[in-house]
Amino acid sequence: MPGTCVIGLQWGDEAKGKIVDRLTREHDFVVRYQGGANAGHTVVVGDQVYKLSLLPSGILTPGVTCVIASGVVMNPARVIEELDELAKRGAGHADNLRLSDRAHVIFPWHFAEDRALDKNTSDGENIGTTGRGIGPCYRDKVGRSHAIRLGDMYRATFRSQVEHIVEAKNRVLAVQYQAGEFTPLDASAIFREYSAYAERLRPYVCDTTELLLSAVESGKRLLFEGAQGALLDVDHGTYPFVTSSNSSGVGIAAGAGVPPRCIDRCIGVVKAYSTRVGGGPFPTEQDNETGQYLRDRGNEYGTVTRRPRRCGWLDIVALRYTSRLSGVDTLAVMLLDVLSGLDEIKICTAYEIDGKQTTRFPSHVDDLRRAKPVYESVPGWREEITGCRKHDDLPNPARAYLARVSKLLGRPIGLVSVGPERDQTIVVN
Ligand code: GDP
Ligand code: IMO
Ligand code: MG
């Protein structure tokens, strides 16, 4: 069965967009199957930089069907913005877009709830969400009584659904917000706004589950584009400092609506160091000059929110866990160029928790908070490597670093990235 998936193995922003863009040419379909506009995937084509939040990164390549499947939470305004932006730039292949009529829709109440609830984890630390309404929309999806799917927006009952939900949400939001901070939502205005979005998106909406099942049955090649990263997976990540979907490899079948066995290759995307944006424990974080060095060289500011990303050393304990969880076959190591200029590079190979060493990734966030990284040090390199195109072009210490990471993870590295552009890529045999 010909399916490939691209999964981020850290806390997101591993440069999945670049890998998906690269692999698109070998596929007939590119599928986003979870998350929503919390994602920000960058694709660089020549001197043009595209930031995609909802449109699959395959949209820039002709002849490929790009699917936003049922597991995505859809912000229709954002889809339209992205389509308009591509049209303005004379890029993209909008005709190839398909939107699932089963995808749940993000409404203004979800943004309001996201803002109100982010401050409320039980241990006092903020999740630091992207504010895109993702968690509240997934919660309503599972709750069922206050949810609207894309297909509902074309039915006569859409107006009454909006009215019913707005009435309930206004009551809840008035309690969540302090008096004066909240203007009640206007059901008629929302209905009009979203009806206009529905009309604009009508040509793209279909039953994508049926579309993908037929594609699988007729031997088409499918590429599944993960959003976020496996450590942000709602079930298997650093809960509650996670996103609200299954962002590790385990989420593909459910989110896309295909049988698990049609995914036969998993590419794990790893930044050559670690980053995290938002709250939650991060054992190898370098809240110091090294972290700032990585942030400056890697331009580590959120694609969606522009927040500075927290930076630190590579964490093998976490990566071994997420590679196993997602069933990674080969690794793509990204942003290796950022590490140039460091005298030494540290790799976290174990944690010490309450005086005991372990290589097991803790299931509870409190244990992860107490984890002290055990490092091994390898020599760095001074040279800039953004011009390297072959594995042999890389300085010896860079090759040694890659070899060590591959050995520690027990998986081959198939690709190394030394810059954002398409050709700044080394294929490793
Ligand atoms: P994604 O969400 O996983 O697709 O990643 P983002 O797009 O949020 O962040 C990755 C950033 O790194 C983008 O700005 C890319 O253009 C950039 N990038 C990708 N590969 C490389 C690389 O090898 N080196 C450097 N310096 N930047 C890269
Ligand atoms: P891509 O696809 C990095 C993080 C947020 C926050 C947590 C929950 O570009 O890799 P949410 O808005 O999803 O409820 O926020 O998850 N987060 C991401 N971090 N990259 C992303 O996507 C992210 N999507 C969500 O910062 O900590
Ligand atoms: Mg991103």
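The structure this text deals with has already been given above.
Keep in mind it's a predicted model, so treat the numbers as computed, not measured. (Residues numbered from 1 in each chain as written. Chains lettered and ligands numbered in written order. Predicted model: local features only at pLDDT ≥ 70, side-chain atom pairs only at ≥ 80, totals over all residues. Heavy atoms only, no water.)

## Some details on the overall build of the protein chain
For the record, the criterion: A helix here means a DSSP run of H or I that spans at least four residues, while a strand means a run of E at least two residues long, and both kinds are numbered starting from the N terminus. Note that the radius of gyration is over C-alpha atoms, with the globule rule given as 2.2 Å times the number of residues to the power 0.38. Throughout this description, buried means an accessible area under 20% of the type-specific maximum (1.4 Å probe, protein chains only), exposed means over 50%, and partly exposed covers the range between. Note on contacts: a residue pair is in contact if any heavy atoms of the two residues lie within 4.5 Å. Using a 1.4 Å probe, accessible areas were evaluated by the Shrake-Rupley method; residue-level cover was limited to the displayed protein chains. Charged-residue counts in this description rest on Lys and Arg as positive and Asp and Glu as negative, His and the chain ends being excluded. Each charge is placed at NZ for Lys, CZ for Arg, CG for Asp and CD for Glu.
In terms of helices and strands, the protein chain carries 12 helices and 20 strands. Whereas a compact globule of 429 residues would reach a radius of gyration of roughly 22 Å, the protein chain reaches 22 Å, a difference of no more than 12%. Counting only C-alpha atoms, the protein chain reaches 65 × 50 × 40 Å along its principal axes. Residues classed as buried in the protein chain amount to 55% of the 429 residues present. For the protein chain, the share of sequence-separated contacts (at least 6 apart) that also reach a separation of at least 24 residues comes to 76%. When the accessible surface of the protein chain is split by element, carbon and sulfur atoms take 49% of a total near 17,800 Å². Charge separation in the protein chain, taken as the distance between the mean sites of 53 positive and 53 negative side-chain charges, equals 2 Å.

## As for the side chain of H41
Considering the arrangement of structural elements, one finds H41 in strand 3 (residues 41-45). For H41, a relative accessible area of 4% translates into the label buried. Setting aside residues no more than four positions away along its own chain, H41 makes contact with K16, G17, Y50, K51, L52, S57, E225, G226 and A227.

## Remarks on the packing of aromatic side chains
The cut-off we apply is this: Working definition: a ring pair exists when centres of Phe, Tyr or Trp rings (six-membered ring for Trp) sit within 6.5 Å. Plane angles under 30 degrees give stacked, over 60 give edge-to-face, the rest tilted.
Within this structure, the stated rule accounts for 11 aromatic pairs. Residues F107 and W109 carry aromatic rings whose centres are separated by 4.6 Å and whose planes lie at 5 degrees to one another, so their mutual orientation is stacked. W109 matches F107 in its accessibility class, with the two residues each being buried. An angle of 25 degrees between the planes, with centres 4.3 Å apart, marks the rings of F107 and Y194 as stacked. Here the residue F107 occupies a position in the loop between strand 8 (104-105) and helix 3 (108-117), and Y194 occupies one in helix 6 (residues 187-201), the gap between them amounting to 87 residues. The burial state of F107 is the same as that of Y194; both residues are buried. Cluster of aromatic residues (ring-pair linked, three or more members): F107, W109, F158, F191, Y194 and Y197.

The values are spatial; any link to function lies outside them.
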